[in-house]
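What follows is the residue order along each chain.
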Amino acid sequence: MDWFLQQTINGLGLGAIYALIALGYTMVYGVLRFINFAHSDVLMLGAFTAFYIAPKIEKLLGSQSALACIMVFIVAAALCACLGMLIEKLAYRPLRNRPKLTVLITAIGVSLLIEFTAQNEKVFGAAPQPFPQLLPERAIHLGNLVISSNDVLTVGVTIVLLVAMWFIVQKTRVGTAMRAVSYNQQAASLMGVPVDRIISFTFGLGSALAAIAGILYAIKAPGIEPLMGVQPGLRAFVAAVLGGIGNLPGAVLGGVLLGLLETFAGGIPELSNYRDAIAFGILILILLLKPAGLLGRSSVEKV
Amino acid sequence: MPFLGAKRWLLAGIALAILASYFTPQFNRYYLGVVIDVGIAIILATSLNLINGHTGQFSLGHAGFMAVGGFFSAWISLQVGGTANAIWYFPLALVAGGLLAAAVGLLVGVPSLRLRGDYLAIVTLGFGEIIRVVAQNTEAIGAASGLKGIPKLTNLGWTFGFAAITVYAISALVNSTYGRGFIAVHDDEIAAESNGVDTTRTKVTAFVTGAFFAGIAGGLYAHHKQFLSPTGFDWLKSIDIVVMVILGGMGRTVGVIAAAILLTLMPEVLRDFSEYRMIIYALLIILLMLLRPAGLFSFNFKRRSHS
């Protein structure tokens, strides 16, 4: 029982990160109908931004203080939001009306470009680097259970962001416009929604979430390196499909489920070697059994 | 006369292979290795071209099929052992590797080819990774440390012989009445379906055929490098092959072969810039998609226009 609860706690910490990344995938898919392969690299860049700015901010605001930590998150999220919008403007916008495959291949190209530029010795280098501790880490003991303060931080940040996201998408004008663009781009445009600006905003929002997820992931990971985003990125994508791509609550549900499943599988010795394959196994199953995802509505194809 | 074009390739390739084998002892070992690499790249690119180019699906798991074929044929060679009867069992081992890859392709293709574009790309990428993880955990093929001491059986003759067969078989297939289905699926799946093309079946056929030849290429690769490691078949290897197909122009056999040759020779020529190789690749992909989505080698003599 303790083992079960402990794995659940660890799984929630991981699942919260997947949920944040999955939200970015799902939002971009909602407005543009394509997988932004570069999303996982924005996550990596978020972690690296924090890596470089954290010492400077901590010098100003005090080492390992809550204020400095919040500032690191905000600055990294803002920088990555700009970067996400820049990628959209340079690489994806010129291809807006081209075949899907062209956009998809371009997205893979952008992803590879960021990864290999970052791996170059003159940029970040391929070797893993230790991530600075942003907040003092403590282990909270609850009976036989151990809860890391980092997991509490991760889950807390995720919940705050999810509420904020819900508010933006459901209650604000720009959120209404996002939903309109996702529902029918052409009709939204005719109703006076500035489609380009809304798509740009969506990319910014998704990238900011990815950056924050990247920092949270880096805190737990042993080190950061240019390919660190690939695995969580792929899993978060699976999470987005699992929940029903384009569906925001679905992405969160999928992320948490995937985090839990992966942690449980990692805890069973016979399965732990196959951990990397589990996410894809789930993806294949879900696409076979319920292609629209757990919360997605299946659409009828019109000819 | 579409068949004539394909047959010409087969004859030219086999003649080249025989000629090349005859002169093999006189070649410098390094150049010989590079030329064999080129031949393997041609098989891989041509077979992926059937899936990604002619049929318009997007597979990112070609290295996975290459791994299946490579490991299986290498395992057979190691079981049989020795180079004495190589001429008999080597082609059989290659074909067996190809057949297993095709079987895996069928297993992958039947569920995933109902999906389109983005989903298919991710699922095939996922299958490639699953194959890698399984290879890493299978003791019979060396698990994570890989398979060592594979006999060196690949030579110019086998490589270009199989390259010629691949190019011939795929051109002939695409140019046959049945093969028109591939192009129909590529151009407009819904229209193809309403004209009686069994689209899923056509896609699976393309996928299985492509996987078969990728498996053969994997076998040639295994007996060329004499060492196989599961990590050598990760998704970057698949990307390499995808770039060849994109650069050559999807669905253009000659262009894809030219791109396979070019991209295999490029890193050898640009050894000093090896750290920039992948950056160049990535820029190449983006710029091609923005400026020349039909491929680098598509000038005015295109045979059919793609939408």
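The rules behind the values
- Residues numbered from 1 in each chain as written.
- Chains lettered and ligands numbered in written order.
- Predicted model: local features only at pLDDT ≥ 70, side-chain atom pairs only at ≥ 80, totals over all residues.
- Helix = DSSP H or I, 4+ residues; strand = E, 2+ residues; numbered from the N terminus.
- Buried ≥ 20, exposed ≤ 12 C-beta atoms within 10 Å, placed from the backbone.
- Core = buried A, V, L, I, M, F, W, Y, C linked by C-beta atoms within 7 Å.
- Contact = placed C-beta atoms within 7 Å.
- Nonpolar A, V, L, I, M, F, W, Y, C, P; charged D, E, K, R; others polar.
- pLDDT = per-residue confidence, 0-100.

Comments concerning the overall build of chain B
Phase 1 of the analysis: Tallying secondary structure elements over chain B gives 12 helices and zero strands in all.
Phase 2 of the analysis: Reading the secondary structure of chain B in the N-to-C direction produces α-α-α-α-α-α-α-α-α-α-α-α.
Phase 3 of the analysis: Of all 307 residues assigned to chain B, the portion counted as buried reaches 54%.

Points about the nonpolar core
Phase 1 of the analysis: Counting 201 residues, the largest nonpolar core has A:Ala47, A:Ile212, A:Val238, B:Ala45, B:Met244 and B:Ile285 as the members making the most contacts within it.
Phase 2 of the analysis: At 16 residues, the largest contribution of residues to this core is made by helix 8 (residues 195–220) of chain A.
Phase 3 of the analysis: When sequence neighbours within four positions are dropped, the list of residues in contact with A:Val238 reads A:Leu258, A:Ala279, A:Phe280, A:Ile282 and A:Leu283.

As for the interface of chain A and chain B
Phase 1 of the analysis: Between chain A and chain B, the residue contacts involve 32 residues of the former and 28 residues of the latter.
Phase 2 of the analysis: Within the residue set of the side of chain A that touches chain B, elements represented by two or more residues are helix 4 (100–119) and helix 12 (275–289) of chain A.
Phase 3 of the analysis: The element that contributes the greatest number of residues to the side of chain A that touches chain B is helix 4 of chain A, accounting for 13 residues.
Phase 4 of the analysis: Its residues assigned to classes, the side of chain A that touches chain B comprises 22 nonpolar, seven polar and three charged.

Observations concerning the confidence of the model for chain B
Residues and elements named next belong to chain B.
Phase 1 of the analysis: Scored by pLDDT, chain B has a mean of 81; 89% of the residues are at 70 or more.
Phase 2 of the analysis: For chain B, per-element mean pLDDT is lowest for helix 1 (residues 2–23), which scores 69, and highest for helix 9 (residues 199–225), which scores 90.
Phase 3 of the analysis: Scored below 50 in pLDDT, residues 300–307 makes three contacts in the model with residues more than four places away or belonging to other chains.
Phase 4 of the analysis: Under the prediction, the complex receives an ipTM of 0.79, its pTM being 0.83.

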